[in-house]
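# Coordinate inspection notes
Residues per chain, in single letters:
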Amino acid sequence: MTSDAATTATPQTAGAPRPDQPTHGLGASLPPADARAKTEGTFPYASDLWAEGLLWAAILRSPHPHARIVSIDTSAAQEMPGVRAVVTHEDIPGDTAYGRRIADRPVFASEIVRHHGEALAAVAADHPDTARLAAAAIAVEYEVLEPVTDPEKAFAAEPLHPDGNLIRHIPLRYGDPDIAGDIVVEGLYRIGRQDPAPIGAEAGLAVPRPDGGVELYVASTDPHTDRDLAASCFGLDAERVKVVVTGVPGATGDREDPGFQLPLGLLALKTGCPVKLTATREESFLGHAHRHPTLLRYRHHADTEGRLVKVEAQLLLDAGAYADASSESLAAAVAFACGPYVVPHAFIEGWAVRTNNPPSGHVRGEGAMQVCAAYEAQMDKLSAKLGLDPTEVRLRNVLATGDILPTGQTVTCPAPVAELLQAVRDFPLPSLPKDSPEDDWLLPGGPEGAGEPGAVRRGVGYALGMVHMLGAEGTDEVSTATVKVHDGVATVICAAVETGQGFSTLARQIVQETLGVEEVHVASVDTDQPPAGPAAHGRHTWVSGGAVERAAKMVRTQLLQPLAHKFGMSTELLQITDGKITSYDGVLSTTVTEALDGKELWATAQCRPHPTEPLDGSGQGDAFVGMAFCAVRAVVDVDIELGSIRVVEMAVAQDVGRILNPAQLASRIEAGVTQGVGTALTENLRTARGLVRRPDLTGYALPTSLDAPDIRIVKLVEERDVVAPFGAKPASAVPVVTSPAAVAAAVRAATGRPINRLPIRPQAAVAVPQG
C-alpha cells in the first residue's frame, strides 16, 4: 500500500503526528529518550568525560603529504615539565598497523609519511597546553618526496605502499560488447572530497585496568571491531580491552576511524593513568576518512525511443593513502553505475587507487552518490538529444521488481521507481518570487546581494537514486539482543550504537508493540555485550531491530504460555493490546502487569539476513541483501551573471517499506536531503598538492539552516520488503545519494551549462552569452 505522508509538508510539519497515529509502539512518533538531555546540554558526550588523575594527550602530525622519515627525536618533549609519556611506533607492543578491512594503515608512521596530517607520535601530560607544546617539540627530520595526488597517475607511479597503488579493480561485463545504440551521449564528471564534518570533533578517554588491560570510552559506532583492533595493537587479549560507547553526536561514517583511540590506549597503558584526548577541528579534518573523490567517464547508448541499449563507464576512486572502505565503495559504484534503470548491456571498469591525498572511507551513500550524479547527467543529455521531457526518458527505462541488475542480481525487493518519479513530477511547483524590494531575500545571495532580479533564472531538475541495504559481498551480518521484563519495566540490551538513526527509539517501540509494556529502557553499549556490528547502511533497523523483535517475541511466549495452558488454548489465540491480554473469544482478559506477577522474564535472540556473495571476475553476483530507491525534484534559482544558486525546494518521494516512526523518518529524510544540498553546492575539502587547505569550518562550507530549502516529502511508498523485519528499509542514505544529482539537473535546466562537477562552482553556473 502507499501513504501520502506529507503531500504539502514543510520541514517543520513533515513529521508532525496525525490524529490517527498510535501513541506508542510501531507507527508512533515516539520522541528519542535522550532528546531532552541533548536539548538542555546535559547529555554526556565523549569530550565531557573526566577521571581522577587525568592526563591529556596530543598527537604530532606530519606537515607533509609524502616524505621519508630520517629521524624522530623525542628527548626535548620528554624533558618538559609535566610530560608523563611520549609514544612512537617503537612503543607499540602489538600490531603496528590497523584497518577494518585491510590492515595497511600504521598507528604511527615509522619510515614513510603518506598523507598530510598522518600521526607520528603522541604525548601525555598533566595539562592540555603542555601536551600540545610537547608534541610540537618533537624533532622530526624529513626527506620530502614528490606526492602523487592525481589518481590517474597512480597507476604508473612508484608504489606508495608495500601493497601497491591499486586497491581493487572491478571489470563488470554484462551482455554484448559490440552492440550499439542509435543515440549516443558521453560525459566526463568529477566529484569532490566531502568531509563528514561531525558535530563534535573526535574525543575519548582511556583508563588503565588493574589486570593490565584498558578501557576506552569513545564515541564508537562499531565497538567490538574497535576493541579487537585495539587489543591487537596493545598486544592484549580481547577480554582485557573494553570499549564503552559514550554519547555519539551524530555519525555519517566519521566515527569509524580508530586512529584517535589507539594512541590514547597506548599512553594510558604506559603511564598507568587515565588519558583524555579532544581533537581540534583541524585534527578532525586531517585524521578521519572522507568521501572518495571520483572521476567518471560515461557513454550511454539508446534507441530512437529513448530506451537504453548499453552503458559504458570508467570509474576511478581516489582512496587517499590507505585502503579503508575503498573496496566496498568501489563495489557499490560499479554495481549501481547504471542507476535504477533497465540496461540490457553494460560494461563498467572500476578502480580504487592509493594516492598521497587525505584518506577516503565510509561516508553515507559511498560509491552510489558519485555514480548517481553522473548517470543522471547522462539521462538529461539523452533527453535533450531526443527532444523529450527528462521524466519521460526516465520512465521508459526505470527498474521494477523482477528486473535484473547489470551484476546479474534479480531485484526481488519492492522497487516502485516509476511511482516515485511520477509523484515528484506531478507535485505542484512552487510559485515564482515576486520582483519587489520586500522579496529581495529570495534572490540567490540573500538580502543586500549583488544580483539583479532580471538575471535570475529558475530551473527544475529530476534525479533517481538507489542504495544497497546492510553489508555486501558476503559480509556476515548478524546482531544479538536481549530483552528483560521485571516489575512492569522492560530493558533492551543490544550493542547497536545510537548514532542519530533512531535505533534506541525503535527498540523501545518494538518492545511496546510486542509485550504491551509502556516503560522500556535501552541499556548503554559496551563490549561486554554480544556484538551487533557497525552502524552503517541502515543495518541496525534491520538486523538489530530484528534481533530485538525476536527476543521480545520469545518473552511474549513465556508470558502467555501459563495463561494459554490454564485456559486450554494456544498462545496464538491470545493478543496483547494497550497493556491488556485478551483471548479471541473474550473469555480471558487481564493486564500484562497481572500476568507478570513479579516474575522476571528474559530472552536472547539473533538476527542474520540471507547471505550474499562477492562480485566475481566479471562483476557478477548476488552481492546485496536489498535496495532502497528515491526520487527527488529540485527547484533552483540561479543568477546567470554571478553564478550564485539558491535551492528553492526539494520534493522527495521514497520507498520506505514500512513507516515505523513518522516523525523520525521525516527528520532522517530531511537531514539526508540537506546533506545532499551541501554536497551539490558548497562542501569540498580542498587540497593543493596533497596539503589540506583551511581544515576548519570556515574554509569548509557546510550548509546552515539558512541554506536549507523547503523540503516536501511528497510520497512515502509503504510496500513491505518481505525478507526484512517489519518490512522497513533504511531511510537516510538514499536522499543523500539522489539530492546532489537533482540540484545539478536543475542548475543545468536554468543555465544550459553542462554541470559536470560537484560541488558546482559559481563560474559553472554563469550562462554563456548567445551570439
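Scroll up to find the structure.
Secondary structure summary: the protein contains 15 helices and 32 strands in total. Its C-alpha atoms give the protein a radius of gyration of 27 Å, within 12% of the compact-globule value 28 Å for 771 residues. Considering only C-alpha atoms, the protein reaches an extent of 80 × 80 × 60 Å along its principal axes. Looking at the protein residue by residue over its 771 residues, the buried ones come to 60%. Counting 65 positive and 95 negative side-chain charges, the protein places the centres of these two groups 2 Å from one another.

Secondary-structure assignment places T271 in helix α5 (residues 261-271). Counting along the chain gives 187 residues from T271 to R84, while the straight-line C-alpha distance between them is 6.7 Å. Ignoring sequence-local partners within four residues, the contact set of T271 consists of L55, R84, A85 and A124. In this structure the side chain of T271 is engaged in a polar contact, spanning 3.2 Å, whose partner is the backbone nitrogen of C273.

What follows covers the packing of aromatic side chains. Evaluated as defined, the whole model comprises 6 aromatic pairs. Each ring, one from Y341 and one from Y375, has its centre 6.2 Å from the other, and the planes form 85°; the classification is edge-to-face. Here the residue Y341 occupies a position in the loop between α7 (326-335) and β18 (345-353), and Y375 occupies one in helix α8 (residues 368-386), the gap between them amounting to 34 residues. Side by side, Y341 and Y375 carry an identical accessibility label, which is buried. Across from the ring centre of F43, 4.9 Å away, lies the NZ or CZ of K38, which sits over that ring.

For the pair helix α4 (residues 223-234) and α5, interaxial distance at closest approach is 10 Å and the crossing angle is 50°. Relative to α5, α4 is oriented oblique. Along this stretch, α4 crosses α5, giving a crossing that reads as right-handed. Contacts between α4 and α5 involve D226, L229, A230, C233 and F234 on the former and, on the latter, Q261, L262, G265, L266 and L269. Across the contact of α4 with α5, the residue classes tally to 7 nonpolar, 2 polar and 1 charged.

With that out of the way, let us pick up the pattern of salt bridges. Enumeration according to the criterion identifies 40 salt bridges in this entry. Notably, a salt bridge pairs R193 with D318, separated by 3.6 Å at the nearest N-O pair. With R193 in the loop between β11 (183-191) and β12 (203-208) and D318 in strand β17 (residues 308-318), this pair connects stretches of sequence that are 125 residues apart. A salt bridge links E312 to R299; the nearest nitrogen and oxygen atoms lie 3.2 Å apart.

A few words on the sheet that holds β17. Pairing between the strands of a sheet comes from backbone hydrogen bonds, and it takes one of two forms, parallel or antiparallel. Read from one edge to the other, the open sheet built from 6 strands follows the order β10-β18-β17-β16-β11-β32, with strand pairing classed as mixed. Lying at the two open borders of the sheet, with one neighbouring strand each, are β10 (166-174) and β32 (757-758). Note that β17 and β18 share 9 bridges and pair parallel. Looking at the pairing, A313 lines up with I348 of β18. Relative to the sheet, α8 contacts β11, β16 (294-302), β17 and β32, its axis offset from that of β11 by approximately 145°.

Here we come to the packing of α8 against helix α15 (residues 733-751). Closest axis-to-axis distance for the α8/α15 pair is 8 Å, and the angle between their directions is 30°. Along this stretch, α8 crosses α15, giving a crossing that reads as right-handed. Counted together, A368, M369, C372, A373, E376, A377 and D380 of α8 and V736, V737, T738, P740, A741, A745 and R748 of α15 form the full contact between these two elements. The residue inventory of the contact of α8 with α15, partitioned by class, reads 10 nonpolar, 1 polar and 3 charged.

Here we take up the sheet that holds β12. Spatially, the 7 strands line up as an open sheet ordered β4-β8-β2-β15-β12-β13-β14, and their pairing is mixed. Only two strands of the sheet have a single partner each, and these edge strands are β4 (83-87) and β14 (241-245). Strand-to-strand, the axes of this sheet are offset by a mean angle of 20°, without reference to chain direction. With 6 bridges connecting them, strand β2 (residues 55-61) and strand β8 (residues 119-125) associate as antiparallel partners. Paired with W56 across the strands is A125, a residue of β8.

To continue, consider unusual backbone geometry. Here the bond from L758 into P759 is cis, since omega is 0°, no more than 30 degrees from zero. Topologically, P759 is positioned in the segment after β32. For R689, which is not a glycine, the phi torsion comes out positive at approximately 55°. Secondary-structure assignment places R689 in the loop between β29 (687-688) and β30 (691-692). Overall, R689 belongs to the exposed group, its relative accessible area being 52%. The phi torsion at I755 lies on the positive side, around 50°, for a residue other than glycine. With respect to the secondary-structure elements, I755 resides in the loop between α15 and β32.

Rules behind the numbers
Residues numbered from 1 in each chain as written. Predicted model: local features only at pLDDT ≥ 70, side-chain atom pairs only at ≥ 80, totals over all residues. Heavy atoms only, no water. Helix = DSSP H or I, 4+ residues; strand = E, 2+ residues; numbered from the N terminus. Rg over C-alpha atoms; globule rule 2.2 N^0.38 Å. Buried < 20%, exposed > 50% of the residue type's maximum accessible area, 1.4 Å probe, protein only. Lys, Arg positive; Asp, Glu negative; His and termini not counted. Charge placed at Lys NZ, Arg CZ, Asp CG, Glu CD. Contact = heavy atoms within 4.5 Å. Polar contact = N/O pair within 3.5 Å; in protein donor to acceptor, adjacent residues only side chain to side chain. Phe/Tyr/Trp six-rings, centres within 6.5 Å; stacked < 30°, edge-to-face > 60°. Lys NZ or Arg CZ within 6 Å of the ring centre and 35° of its normal. Axes fitted to C-alpha atoms, helices over the stretch in contact; angles between N-to-C directions. Parallel < 35°, antiparallel > 145°, perpendicular 65-115°, else oblique. Left-handed = near helix turned anticlockwise from the far one by under 90°. Nonpolar A, V, L, I, M, F, W, Y, C, P; charged D, E, K, R; others polar. Salt bridge = Lys/Arg side-chain N within 4 Å of Asp/Glu carboxyl O. Pairing = 2+ DSSP bridges.

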